[in-house]
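Close look at the chain arrangement
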Amino acid sequence: MKRAFEIALLALALAEAVPVGAVASGPVLPPEEALREAVVAITQLDGDRLAEDGDYAREVLLHLDRIEAASGDRTEVIPYLEGTRLTALATLQHRDEIGRIVDAMTARRSSRPEDYADAFYATLATADFARFVVLLETASRQVPGVARGELNALLPRQTGRGVLRQLKQDGRNDLRVRLATALHRTGWPGGGDRHTADMISSILVEDGLQRGDAAAASGYAQTMSSTAFLLPMIVQRRYDPVLAPGEDRLALLARLLEQEDAETLGGYEAAPDEPKWVLRRAQFLRSVGRDEEALTLIQPFLEDVAGTARSGEDGPWLINEAAYALIALGRSQEGRALMEALITLPLSEEPSLISQNINYLEILEETGDPEGALAHAATLEPEAAVYASEYGRMWVSSTVICALAQLGRREEAGGRLEVMRAGRDVNPSALVLAYLCSGDVDAAAAEMVRRLDSDAPSSAILALQDYELSRGPFRGSFPIQHLNALRQRPEVRAALERVGRQLTLPLARTSWGNY
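About the thresholds
- Residues numbered from 1 in each chain as written.
- Predicted model: local features only at pLDDT ≥ 70, side-chain atom pairs only at ≥ 80, totals over all residues.
- Heavy atoms only, no water.
- Helix = DSSP H or I, 4+ residues; strand = E, 2+ residues; numbered from the N terminus.
- Buried < 20%, exposed > 50% of the residue type's maximum accessible area, 1.4 Å probe, protein only.
- Areas by Shrake-Rupley, 256 points an atom, 1.4 Å probe, with all protein chains shown as cover.
- Contact = heavy atoms within 4.5 Å.
- Axes fitted to C-alpha atoms, helices over the stretch in contact; angles between N-to-C directions.
- Parallel < 35°, antiparallel > 145°, perpendicular 65-115°, else oblique.
- Left-handed = near helix turned anticlockwise from the far one by under 90°.
- Nonpolar A, V, L, I, M, F, W, Y, C, P; charged D, E, K, R; others polar.
- pLDDT = per-residue confidence, 0-100.
- Disulfide = S-S within 2.5 Å.
- Salt bridge = Lys/Arg side-chain N within 4 Å of Asp/Glu carboxyl O.
- Expected span 1.5 Å × (residues − 1).
- Phe/Tyr/Trp six-rings, centres within 6.5 Å; stacked < 30°, edge-to-face > 60°.
- Lys NZ or Arg CZ within 6 Å of the ring centre and 35° of its normal.
- Core = buried A, V, L, I, M, F, W, Y, C linked by side-chain atoms within 4.5 Å.
- Polar contact = N/O pair within 3.5 Å; in protein donor to acceptor, adjacent residues only side chain to side chain.

Here we come to the overall build of the protein. The number of helices and strands found in the protein is 29 helices and two strands. Per-residue burial over the protein gives 51% buried out of 515 residues. Of the roughly 22,500 Å² that the protein leaves accessible, carbon and sulfur atoms contribute 51%.

Here the focus is the environment of L209. Mapped onto the secondary structure, L209 falls in helix α12 (residues 194–210). A sequence separation of 33 residues divides L209 from V242, and the C-alpha atoms of the two residues are 8.8 Å apart. Apart from residues lying up to four places away in sequence, L209 is in contact with A217, R238, Y239 and V242.

Attention shifts here to the packing of helix α25 (residues 428–437) against helix α26 (residues 441–452). Two elements in contact, α25 and α26, have axes whose closest approach is 7 Å; the angle formed by their N-to-C orientations is 160°. Between α25 and α26, the angle is such that the two are roughly antiparallel. Both α25 and α26 take part in a crossing whose hand is left-handed. Along the contact surface, α25 presents P428, S429, L431, V432, Y435 and L436, while α26 presents V441, A443, A444, E447, M448, R450 and R451. Among the residues making up the contact of α25 with α26, the classes are represented as nine nonpolar, one polar and three charged.

Residues with a pLDDT of 70 or more make up 89% of the protein, whose mean pLDDT is 88. Considering only residues more than four positions removed or in separate chains, one finds that residues 1–30, a stretch of pLDDT under 50, has 51 contacts. Considering only residues more than four positions removed or in separate chains, one finds that residues 473–477, a stretch of pLDDT under 50, has 24 contacts.

Below, the discussion takes up the state of the cysteines. Tallied over the full model, the rule gives one disulfide. Each sulfur of the disulfide joining C402 and C437 lies 1.9 Å from the other. Looking down the S-S bond of the C402 and C437 bridge, the torsion is 90°, so its handedness is right-handed. Of this pair, C402 sits in helix α23 (residues 390–406) while C437 sits in helix α25, and the two are 35 residues apart along the sequence.

It is worth spelling out the pattern of salt bridges at this point. One pass over the full model with this rule turns up 44 salt bridges. Close ionic contact of R194 with D198 constitutes a salt bridge, the shortest N to O distance being 2.7 Å. You can see R194 and its partner D198 sitting in helix α12, four residues apart, about one turn around the helix. D198 gets classed as buried once you look at its relative accessible area, which sits at 0%. The partner of R336 in a salt bridge is D369, with the nearest N and O atoms 3.0 Å apart.

What follows concerns helix α21 (residues 354–366). With 13 residues, α21 should cover 18 Å at 1.5 Å per step; its first-to-last C-alpha distance of 18 Å lies within 8% of that length. Those residues of α21 lying buried are I354, Q356, N357, I358, N359, Y360, L361, E362, I363, L364, E365 and E366. Each element contacted by the buried residues of α21 is listed here: α19 (315–328), α20 (332–343), α22 (370–387) and α23. Directly after α21, the chain includes G368, whose backbone phi takes a positive value near 90°.

A word on the packing of aromatic side chains. Under the defined criterion, the tally for this structure stands at three aromatic pairs. Aromatic side chains Y391 and W395 sit 6.4 Å apart centroid to centroid with 85° between the ring planes, which places their arrangement in the edge-to-face category. Placement of the pair is Y391 and W395 together in helix α23, with a separation of four residues, close to one helical turn. Y391 gets classed as partly exposed once you look at its relative accessible area, which sits at 39%. Between R49 and the ring centre of Y56, over which it is positioned, the NZ or CZ distance is 4.1 Å. Here R238 stacks its cationic end above the ring of Y239, 5.2 Å away from the centre of that ring.

Nonpolar side chains in soluble globular proteins tend to be buried together. Within the largest apolar cluster, 149 residues are counted, with the highest numbers of intra-cluster contacts made by L179 and L452. The greatest single-element share of this core, amounting to nine residues, is contributed by α23. The contact partners of L452, leaving out residues within four places of it in the chain, are P457, A460, I461, L464, V492, A495, L496 and V499.

All right, on to the side chain of Q356 then. As for its placement among the helices and strands, Q356 is situated in helix α21. Beyond its immediate sequence surroundings of up to four residues, Q356 is in contact with P316, W317, N320, M339, L342 and I343.

With that settled, the discussion passes to the side chain of T227. Tracing the sequence through the fold places T227 in helix α14 (residues 227–234). A polar contact is formed between the side chain of T227 and the side chain of E260, at a distance of 2.5 Å.

Cis geometry is found at the peptide bond from W188 to P189, where omega equals 0°. Following the sequence through the fold, P189 ends up in the loop between α11 (173–186) and α12. Unusually for a residue other than glycine, R109 sits at a positive phi of about 50°. Residues other than glycine seldom take positive phi values, yet A127 does so here, at roughly 55°. Among the structural elements, A127 can be located in the loop between α7 (117–125) and α8 (129–142). According to the relative accessible area criterion, A127 is partly exposed, its value standing at 37%.

Glancing now at the packing of α20 against α21. Relative orientation and spacing of two packed helices are given, respectively, by the angle between their axes and the distance between those axes. It is the contact of α20 with α21, at a shortest axis distance of 10 Å, that shows an interaxial angle of 150°. Taken as axis vectors, α20 and α21 run roughly antiparallel relative to one another. Considering the relative orientation of α20 and α21, their crossing is left-handed. Together, R336, M339, E340, L342 and I343 of α20 and Q356, N357, N359, Y360, I363 and L364 of α21 make up the contact between the two elements. When its residues are assigned to classes, the contact of α20 with α21 shows six nonpolar, three polar and two charged.

All right, on to the environment of G414 then. Looking at where G414 falls in the secondary structure, it is placed in the loop between α23 and α24 (416–422). According to the relative accessible area criterion, G414 is exposed, its value standing at 55%. C-alpha separation for the pair G414 and I401, spaced 13 residues apart in sequence, amounts to 9.3 Å.

Below, the structure written as structure tokens:
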């Protein structure tokens, strides 16, 4: 545990310097033996157990109380104990007491990154996002530039993205923008991760536009280079004044793709065994229809699917990309087999694999095995109720509807479509797909118009683009003629023209807006 040695020295010094039973300016000292026992317990602390075991956390708090009682007016001892106390309190979900400690830590305005680590952990563990944002805002201003890499390392990519996503779902946009601003100030996440950095910038571009501050929005847009976040801006008219004003949109896209090609190739060549860079390079290659090259890069990671899946957050996505590359190359059986090997890992042990489980369901339906899709759905749906978000569960429902339609059994969909309508704002793309598979093109067109006229039209605009490099089934696919028919509807074309533009993009559809 951090600073255990310093804690031991301080506490032992106190135990030796102050006679048992003496009265200092603080409370009566505990017996010497009890204090020494507390010191030993803290210096031999089991950090993993402390984060999980409530009874152990209570014991640790008692030991910390004894050490603090021995400190009397020596308040310099307290900061050394706070981190351990915060972890114990987080295990017990004592949010109010954590709040008091974190507020005091924030007020000290430390310039040392390590002083914020335990407070970050405790506020996030208790979902106190407002206090976490205040803490990070303070750290982003107080920690000097040379130490910001250490500060950024305290917040894993997956955690930071998760908080931003949760704040969006909760409708706490002001807090989300403040968090994005603090993260942008520190250069989070660093490590050459432009994709995540651009996600932060895109939030701030949107905020600038909503506030009518085009200069601020333009400034943030100029820091971005990832096609994943710039393509939605290229096809929307509202971004024209802030994203390379006056430049031809396809020329801009070509320039961005050239930059991303060079960046991902450089990152991969510098670290060919690093899953993060292999994944980024493979995703870029797939986005421009170079599936064979992507598959070649990932091949070494396919020798041990389970090991790759457990290697970190990028591991499962390497398997995922390889499977879709195989399918795009016409090797559907191999792609399905690869995903099947991945999803055999139990969700109870690897809950993050829920995304790949849903993708496998879609692959079965898309590649002509609707009965297999329904069989997998029967197993998946109870688990999705536990591990998947509402967004993911809607993809499951839409895929089941499509599988039933392939088998001529639309009537068995039951009330799925009605449930999906109630969640239309959560996953409107899945709802459009369900309408199309149900044969209700009128409803699909009406939903598409609603999305185009909403405050968040990006996915609908992307779904209506031409992707000239697409081949084979793609994620969330449905026969492309259905989308073409939808796009030719006068009401859909008029709505698209109001907010966006239809382009023929030098891209494969891959993970761009499907519906």
